[in-house]
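# Chains, contacts and geometry: an overview
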Protein chains: 2
Amino acid sequence: MLRAILLTLLTFGLTATSFGQEWKFLVEGDDLSEWERLGGEATYTASNGEVIGTTVANTPNTFLATKRPYGDFALNLEVRVDPAINSGIQIRSESKPDYLNGRVHGYQVEIDPSARAWSGGIYDEARRGWLYPLSANEDCRVAFNPNGWNHYYIEAIGPSIRTWVNDVACAALYDDMTASGFIALQVHSVPGEDLANRNVRWRNIRVWEENVTPREWTSQYVINLVPNSLSQQEIAQGFSLLFDGKTIQGWRGAGKESFPEKGWRVEDGVLMVESSGGAEAAYGGDIVTVDEYSTFEFSLDFKLTEGANSGIKYFITESYGSDASAIGLEYQLLDDDRHPDATQGAAGNRTLGSLYDLIPADNGKTVREPGQWNRVRIVVTGKRLDERVLGSRMEQSEFSGAHVEHWLNDRKVLEYERGTPVFDALVARSKYVVWEGFGHWPQGHILLQDHGDEVHFRSIKVRRID
Amino acid sequence: MLRAILLTLLTFGLTATSFGQEWKFLVEGDDLSEWERLGGEATYTASNGEVIGTTVANTPNTFLATKRPYGDFALNLEVRVDPAINSGIQIRSESKPDYLNGRVHGYQVEIDPSARAWSGGIYDEARRGWLYPLSANEDCRVAFNPNGWNHYYIEAIGPSIRTWVNDVACAALYDDMTASGFIALQVHSVPGEDLANRNVRWRNIRVWEENVTPREWTSQYVINLVPNSLSQQEIAQGFSLLFDGKTIQGWRGAGKESFPEKGWRVEDGVLMVESSGGAEAAYGGDIVTVDEYSTFEFSLDFKLTEGANSGIKYFITESYGSDASAIGLEYQLLDDDRHPDATQGAAGNRTLGSLYDLIPADNGKTVREPGQWNRVRIVVTGKRLDERVLGSRMEQSEFSGAHVEHWLNDRKVLEYERGTPVFDALVARSKYVVWEGFGHWPQGHILLQDHGDEVHFRSIKVRRID
């Protein structure tokens, strides 16, 4: 039903004329009177509604910007770029004397004909860097044609900024830093003369501002930078909050009926495990979700203190007797640079993002230092079907949640298949070898570890995957 | 060019009339006078050229067989079966007083609407059991429609028997046991009354015998039971023999210029490593292929003596200094029941078929005892592309042969990806941890191990994969 309504709204929103409103073209003929050039000295001309930007050597990034700001809007355009040149489309962007001497900054929808192929991602120009890298949405990387015209559709409604390239859903960003600003066409700086006099061309640049209705909700990973919030797209995907900044509903002490009375604290929108000297589950103890999960997506932000150790465990059964932390598969949280456990284990399998003591995370250049927020995402999907031929009969055993991915700051840092011979061989040479059937559990709780060090959590979310 | 010729021949061969020859229908109207019932008491009737078989309780497998034998032929028919019933089409089959009191035996093209879905595989009825199980060709398992009519195309030309179900290439068997025999329609025995009175229906049963030309060569795994031979299909796939039953061309001693003068012997179509007391590479020593391989398919038959230990290693570089066997990835060959190494390592990763000391083979019910021949297949394909974001630049590293599969007796017993974090974690806790960069080699020789025990090899084949 929701889908039907949205489709209706979508059709309405995209119709060129409805209730008198029309898509407004931002360039007509050779008229650039509504635009101004900012930044560098790259050149722009217009002809038949098409803007042609040309690179110039020894000049910084240049922008052809609208003179007026746009807040909520849908922007339609086509772009064709020399395959050797990087470019982008600024939205809700600004140039202010008190910020880097007027340097253009803000959301840039990427135009990237390089092998990286991040066209449609969102970069925060001269501000926070990548907000929606396409490491978060590999499906979009094939959308852009480096040798032809490409259709961009950009939707900005409140904190929701979404992009489509040639009708493939690319970025889904939720961020409230800047609600309005100019639209601008970037001609990127070039490293030398041989990349001068290259063109970027834009045409059919048209915008819709009144009653902008969102396109249908899509399934890609939403990067939500508003703490403890859910975007409409996340809600449509089935997410709910396990921590909204205030309440700890949905959590209890591991092996206990209620939430720990000490050791954990909610403060300023953060769920914090307090420092108690670095011992495992000795003070407040670990906390677990009240519910159990089999196939699911779980995400949170965490901030370490210096030298801190913690972890997110999943498929927790609480059925093993253990004085220390409950047994499960662990997404390791660690200050790799300062905690000695980072160098223990094998091949780096105790570093941040690793499947603890089993599989090392490929977390190079991804980790943000203690004191900064990092984003975790754990995705558990798929079925495993084991087949054995017994004479002419077949024996089959099946379990859900076979495929697991660990993500750190929007990049997949490891993936594995539970219950495979490879997995069992890893377990057999790990500290978990003592636990019979380790990692073959059909479902379990999700756990946040009290390892005696202060660690902050926020924006804790979970959805079941059918 | 070959392809073009074959396509021409194919078109020619399938034309209903050419040079006066026609597809000969084996059942017309209700006439079954060219057929006889063998085996059990299930019933058959014919109507409008369609044969209807009906299950009967408490009777063995029943067959409606042609009275005359067929040697080389193409057989076209359609079949529809009650989804609860197993059935099959016998070809080149026999019923003789001196074999199991006349019991029908021979090649059966499977009709299998069960969840196993092995329709199109080849079972050797009342003789050797499965010859071409669909564990060898998973792509075919989706071809059969359990709830409708299915088109079978069966081609028997000399030792080559191939099947298609609904135009999907299924079995590719090369076997010279029986060159001619009757065609028969099976009604399988049923376990009880509730599966009695179920139907199997066949229609448009037609055969072509003169100048049977093969269909185009297809890419699935060929199971070749003729020792030290290559079928035309294998040749078309690019295979060549590394041992033809007589010569050891293409091999040399590991770390040596020539073939060992002792310890290895060719006899009766077998390449044999001789017993020398169970020590590693101490007598004749290991042998390696002269050539190196990056992406490839390698196969052989091996026969162990009791308690024997040997192995097939690949990506051998010979650059490591070692007094014992050369370093590489090893497909373990072992008499698991009698050699103590089977219980060493972890999680069974030193048993037959395992990636030695790293990944256990799922070899249950697959292994044939010492004194019997087993088939090995090692498939190395794929590329690995590592991507790392460095600022706005991308660093990529690529190597071939990332994906590896170990097969034993036509079943995949393990697979893994070289160079992944999972792989590196396994190596870091194995005996190979001392070898820098273990398993990341771009190419290498293939090695047969002299572990001081008598082991027989034959039908050694290799092809490069582009």
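Structure's up top.
Computed from a predicted structure; not experimentally measured. (Residues numbered from 1 in each chain as written. Chains lettered and ligands numbered in written order. Predicted model: local features only at pLDDT ≥ 70, side-chain atom pairs only at ≥ 80, totals over all residues. Heavy atoms only, no water.)

## Notes on the state of the cysteines
All names here are of chain A. Summed over the entire model, instances satisfying the criterion amount to two disulfides over all chains. Disulfide pairing is shown between Cys140 and Cys170; the S-S distance is 2.0 Å. Looking along the S-S bond of the Cys140-Cys170 disulfide, the torsion reads about 80°, which is the right-handed sense. Here the residue Cys140 occupies a position in the loop between strand 12 (129-132) and strand 13 (150-157), and Cys170 occupies one in strand 15 (residues 168-174), the gap between them amounting to 30 residues. (Disulfide = S-S within 2.5 Å. Helix = DSSP H or I, 4+ residues; strand = E, 2+ residues; numbered from the N terminus.)

## Details of the pairing of strand 24 (residues 296-304) of chain A
Residue and element names in this part refer to chain A. Burial within strand 24 is extensive, with eight of its nine residues counted as buried. Relative to strand 31 (residues 455-464), strand 24 is paired through eight bridges, and the arrangement is antiparallel. The partner of Ser299 across the bridge, within strand 31, is Lys461. (Buried < 20%, exposed > 50% of the residue type's maximum accessible area, 1.4 Å probe, protein only. Pairing = 2+ DSSP bridges.)

## Brief notes about the sheet that holds strand 16 (residues 182-187) of chain A
All names here are of chain A. With respect to topology, seven strands assemble into an open sheet ordered 4-7-16-9-10-11-12, the strand pairing being antiparallel. The open sheet terminates on both sides in strands that have one partner only, identified here as strand 4 (35-39) and strand 12. Adjacent strand axes in the sheet meet at a mean angle of 30°, parallel and antiparallel pairs treated alike. Here strand 7 (residues 62-66) runs beside strand 16; their pairing, made up of four bridges, is antiparallel. (Axes fitted to C-alpha atoms, helices over the stretch in contact; angles between N-to-C directions.)

## What to know about the sheet that holds strand 4 (residues 35-39) of chain B
Residue and element names in this part refer to chain B. With antiparallel pairing, the seven strands of this open sheet are ordered in space as 4-7-16-9-10-11-12. Of all the strands in the sheet, the pair left with one neighbour each is strand 4 and strand 12 (129-132). Geometrically, the sheet is characterised by an average inter-axis angle of 30° between neighbouring strands, direction not taken into account. Relative to strand 16 (residues 182-187), strand 9 (residues 87-94) runs antiparallel, the two sharing five bridges.

## Section: the environment of Ser219 of chain A
Position of Ser219 of chain A relative to the elements: it lies in the loop between strand 17 (199-208) and strand 18 (223-224). Distance in space between the C-alpha atoms of Ser219 of chain A and Gln233 of chain A is 8.2 Å, their sequence separation being 14 residues.

## Some thoughts on the pattern of salt bridges
Scanning the entire structure with this criterion turns up 60 salt bridges over all chains. In this structure, Arg201 of chain A engages Glu50 of chain A in a salt bridge whose closest nitrogen and oxygen atoms are separated by 2.8 Å. Note that Arg201 of chain A is positioned in strand 17 and Glu50 of chain A in strand 6 (residues 50-54), a separation of 151 residues in sequence. For Glu209 of chain B, the salt bridge is made with Arg68 of chain B, and the minimal N-O distance between the two is 2.5 Å. Taken together, the residues span a long stretch of sequence, with Glu209 of chain B in the loop between strand 17 (199-208) and strand 18 (223-224) and Arg68 of chain B in the loop between strand 7 (62-66) and strand 8 (73-81) at a distance of 141 residues. Beyond isolated ion pairs, a larger network of salt bridges with shared partners links Asp124, Arg127, Arg128 and Asp175 of chain A. (Salt bridge = Lys/Arg side-chain N within 4 Å of Asp/Glu carboxyl O.)

## Focus on unusual backbone geometry
All names here are of chain B. A positive phi is found at Asn166, a non-glycine position, where the angle reads about 50°. The topology assignment puts Asn166 in the loop between strand 14 (160-165) and strand 15 (168-174). You can call Asn166 partly exposed: its relative accessible area is 27%. One non-glycine residue, Asn211, lies in the positive phi region at around 50°. If you trace the backbone, Asn211 turns up in the loop between strand 17 and strand 18. Here Asn211 falls in the exposed class, since its relative accessible area comes to 63%.

## Digging into helix 3 (residues 421-428) of chain B
Among the residues of helix 3 of chain B, Val422, Phe423, Ala425, Leu426 and Val427 of chain B are the ones counted as buried. Taken together, the buried residues of helix 3 of chain B touch strand 29 (411-417) and helix 3 (421-428) of chain A together with strand 26 (329-334) and strand 29 (411-417) of chain B. (Contact = heavy atoms within 4.5 Å.)

## Focus on empty space enclosed by the protein
Residues and elements named next belong to chain B. On inspection of all chains with the given rule, the structure shows five cavities of 30 Å³ or more. Its volume calculated, the largest cavity comes out at about 130 Å³. Lining the largest cavity we find 15 residues, and of these Tyr221, Val222, Glu234, Ser299 and Lys461 sit closest to its centre. Listed by contribution, the elements that provide at least two residues to the lining of the largest cavity are helix 2 (232-237), strand 24 (296-304), strand 27 (374-390) and strand 31 (455-464). With four residues, the single largest contributor to the lining of the largest cavity is strand 24. The residue makeup of the lining of the largest cavity, split by class, is five nonpolar, four polar and six charged. (1 Å grid on protein atoms, 1.4 Å probe; cavity = no way out; pocket = protein on both sides within 12 Å on 5 of 7 lines; lining within 4 Å. Points joined across faces, edges and corners; volume = space filled by probe spheres on them. Nonpolar A, V, L, I, M, F, W, Y, C, P; charged D, E, K, R; others polar.)

## Let's talk about the environment of Gly439 of chain A
Residue and element names in this part refer to chain A. With respect to the helices, strands and loops of the structure, Gly439 is situated in the loop between helix 3 and strand 30 (445-448). Residues Gly439 and Ala196, 243 residues apart in the sequence, show an inter-C-alpha distance of 57 Å. Excluding residues within four positions of it along the chain, Gly439 makes contact with Leu329, Arg418 and Phe423.

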